[in-house]
Amino acid sequence: MESMVQKAEREFVGLLDLYKELLDVSNQIDKCLKQRDWQALEDNICSQAAIQKNIDERRIDIDQLQASFCSELGMKNFDLAALERRFPDTKLGNILTQLMDVM
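Everything in this summary refers to the structure shown in the same document. (Residues numbered from 1 in each chain as written. Predicted model: local features only at pLDDT ≥ 70, side-chain atom pairs only at ≥ 80, totals over all residues. Heavy atoms only, no water.)

## Thoughts on the overall build of the protein chain
For clarity, the threshold we go by: Numbered from the N terminus, helices here are DSSP runs of H or I no shorter than four residues, and strands are runs of E no shorter than two. In this setup the radius of gyration rests on C-alpha atoms only. A globule is expected at 2.2 Å times the number of residues raised to 0.38. Using a 1.4 Å probe on the protein chains alone, a residue whose accessible area is under 20% of its type maximum counts as buried, one over 50% counts as exposed, and one in between counts as partly exposed. The contact rule is simple, with two residues in contact once any of their heavy atoms fall within 4.5 Å. Using the Shrake-Rupley algorithm and a 1.4 Å probe, accessible areas are obtained, with residue cover drawn only from the displayed protein chains. In this tally, Lys and Arg are treated as positive and Asp and Glu as negative; His is ignored, and so are the chain termini. By convention, the charge on Lys lies at NZ, on Arg at CZ, on Asp at CG and on Glu at CD.
Check the secondary structure of the protein chain and you find 4 helices and 0 strands. Going from the N terminus to the C terminus, the protein chain shows its helices and strands as α-α-α-α. At 17 Å, the protein chain has a C-alpha radius of gyration far larger than the 13 Å of a compact globule built from 103 residues. Seen through its C-alpha atoms, the protein chain measures out along the principal axes to roughly 50 × 25 × 20 Å. Counting every position in the protein chain, which comprises 103 residues, the buried fraction comes to 31%. In the protein chain, of all internal contacts separated by at least 6 residues, the share reaching a separation of at least 24 is 61%. In the structure as shown, the protein chain presents an accessible area of about 6700 Å², 47% of it carried by carbon and sulfur atoms. When the 13 positive and 19 negative side-chain charges of the protein chain are each reduced to one mean point, those points stand 2 Å apart.

## Remarks on helix 2 (residues 38-73)
Let me state the cut-off plainly: Helix span, as expected, comes to 1.5 Å for every residue beyond the first.
Over its 36 residues, helix 2 runs 50 Å from end to end, which matches the ideal 52 Å to within 8%, given 1.5 Å per residue. Along helix 2, the positions that sit buried rather than exposed are Leu 41, Asn 44, Ile 51, Ile 55, Ile 62, Leu 65, Gln 66, Phe 69 and Cys 70. Following helix 2 by one or two positions, Gly 74 adopts a phi angle in the positive range, close to 70 degrees.

Below is the structure:
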């Protein structure tokens, strides 16, 4: 279970970082639209697409990890909040709280 928790920490921190990057790029896109800076807009849209691709790729690993947690903990469906309650006051619990805030 401990190695699964450590893998979850790595995967969810990576996902959290990607969502933060996506938010930053989205804010940049908003600025580009307001300033009518079409070249910067195009660059940011390409960055946004690359970040979304990375999120999608990471989701594949996370889906497998979620299935492992469901099996290990006897959960019918994966639930971030339920997992966070299972690991309160831990690094994983804190990461899950941040991830739920961002999502």
